[in-house]
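Spelled out, the chains give:
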Amino acid sequence: AQSVAQPEDQVNVAEGNPLTVKCTYSVSGNPYLFWYVQYPNRGLQFLLKYITGDNLVKGSYGFEAEFNKSQTSFHLKKPSALVSDSALYFCAVRDLRDSGGYQKVTFGTGTKLQVIP
Amino acid sequence: ETGVTQTPRHLVMGMTNKKSLKCEQHLGHNAMYWYKQSAKKPLELMFVYSLEERVENNSVPSRFSPECPNSSHLFLHLHTLQPEDSALYLCASSQGGGWWAGELFFGEGSRLTVL
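Everything numeric in this text was worked out from a predicted model, so none of it was measured.

A. The arrangement of the overall build of chain B in detail. Counting secondary structure elements, chain B contains zero helices and 11 strands. Overall, chain B shows an N-to-C arrangement of helices and strands of β-β-β-β-β-β-β-β-β-β-β. Taken over the C-alpha atoms alone, chain B extends approximately 40 × 30 × 25 Å along its principal axes. Taking all 115 residues of chain B together, the buried fraction comes to 50%. If you take every contact in chain B between residues at least 6 apart in sequence, the share linking residues at least 24 apart comes to 53%. When the accessible area of chain B is evaluated, it comes to approximately 5500 Å², of which 52% is carbon and sulfur surface.

B. A look at the interface of chain A and chain B. With 26 residues of chain A in contact, the opposing surface of chain B contributes 30 residues. Regarding the contact of chain A and chain B, the summed buried area is about 2200 Å², with carbon and sulfur atoms giving 54% of it. In terms of surface lost to chain B, no three residues of chain A exceed Y102(A), Q103(A) and F107(A), which account for 29% of the buried area on that side. Counting across the chain A and chain B interface gives two salt bridges. Residue K49(A) is joined to E103(B) by a salt bridge in which the shortest nitrogen-to-oxygen separation is 3.2 Å. At the junction of chain A with chain B, the criterion picks out seven residue pairs in polar contact (both at pLDDT 80 or more). Looking at the side of chain A that touches chain B, the elements with two or more residues in it are β5 (31-38), β6 (44-50) and β10 (87-95) of chain A. Looking at the side of chain A that touches chain B, the element that brings in the most residues is β5(A), giving four residues.

C. Region of interest: unusual backbone geometry. Geometrically, the link from T7(B) to P8(B) is a cis peptide bond, its omega value of -10° lying close to zero. Even without being a glycine, Y61(A) presents a positive backbone phi close to 60°. Tracing the chain through its elements places Y61(A) in the loop between β7 (56-58) and β8 (64-68). At L51(B), a position not held by glycine, the phi torsion is positive, near 50°. Tracing the backbone shows L51(B) in the loop between β5 (44-50) and β6 (53-57).

D. Local environment of the sheet that holds strand β1 (residues 4-7) of chain B. Residues and elements named next belong to chain B. Taken in spatial order, the four strands line up as β1-β3-β8-β7 in an open sheet, and their pairing is antiparallel. Both outer strands of the open sheet, β1 and β7 (64-70), are each paired with one neighbouring strand and no more. Between one strand axis and the next, the sheet turns by 15° as a mean value, whatever way the strands run.

E. A look at the pairing of β8(A). All names here are of chain A. By the bridge criterion, three bridges tie β7 to β8 in an arrangement that is antiparallel. When the sheet's bridge partners are listed, V57 is paired in β8 with A65. Here β7 folds back onto β8, and the loop between the two strands holds five residues, one of which, Y61, carries a positive phi near 60°. Bridging between β8 and strand β9 (residues 73-78) involves five bridges; their strand directions are antiparallel. The residue of β9 that forms the bridge with E64 is K77. Hairpin connection from β8 to β9: four residues lie between these consecutive antiparallel strands, with T72 at a positive phi of about 45°.

What counts and how
- Residues numbered from 1 in each chain as written.
- Chains lettered and ligands numbered in written order.
- Predicted model: local features only at pLDDT ≥ 70, side-chain atom pairs only at ≥ 80, totals over all residues.
- Heavy atoms only, no water.
- Helix = DSSP H or I, 4+ residues; strand = E, 2+ residues; numbered from the N terminus.
- Buried < 20%, exposed > 50% of the residue type's maximum accessible area, 1.4 Å probe, protein only.
- Contact = heavy atoms within 4.5 Å.
- Areas by Shrake-Rupley, 256 points an atom, 1.4 Å probe, with all protein chains shown as cover.
- Buried area = accessible area lost by both parts, 1.4 Å probe.
- Salt bridge = Lys/Arg side-chain N within 4 Å of Asp/Glu carboxyl O.
- Polar contact = N/O pair within 3.5 Å; in protein donor to acceptor, adjacent residues only side chain to side chain.
- Pairing = 2+ DSSP bridges.
- Axes fitted to C-alpha atoms, helices over the stretch in contact; angles between N-to-C directions.

Limitation: the analysis is restricted to geometry and does not speak to function.
In structure tokens, the structure reads:
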């Protein structure tokens, strides 16, 4: 079984400051890891993914995430937060060994990011 | 039109009504999904169709009935729902699986309220 934990329901950060949204995962094999963002009254949008290779992954809107295998973490980061980054962020995991014809992804509970002007 | 489109965006129904949610994807993907989103809970995967065949059905009550007539369309038929079924229902599509780590493309959701 695979699972994702997002330990913070909400993260508050001042505009211009760096932000981190935490995610840890559990999977039997090697993971594929994803971050999605959900703005109010919208569906989820893909931000970035880790498959293999460089542990630092860059994505949309200036976001990046760091894969740490020993800590089973995949934290989302941004050097300078914008008010427009305020949204709900979801971490997700998929086991690389899953061979079905679809993306068997497990999502976390989400973290609300509030960027304060 | 591009992406994943869901209709209606909002739906209010009584417990004895029958209604349907519709999803259409214009991305040429071969897998489509229904998720349920409730506050403070992880996204719950309800159903998955791969190449128009249902491949996942996560112990969803029979009052929810999916239909996938072709690779571009997905429906969720609703009947005799309960108030606890009130939630945001999200449709998504993706390309394949296996070694390909494709992202999911989501629609904007259908907000369902059961009275």
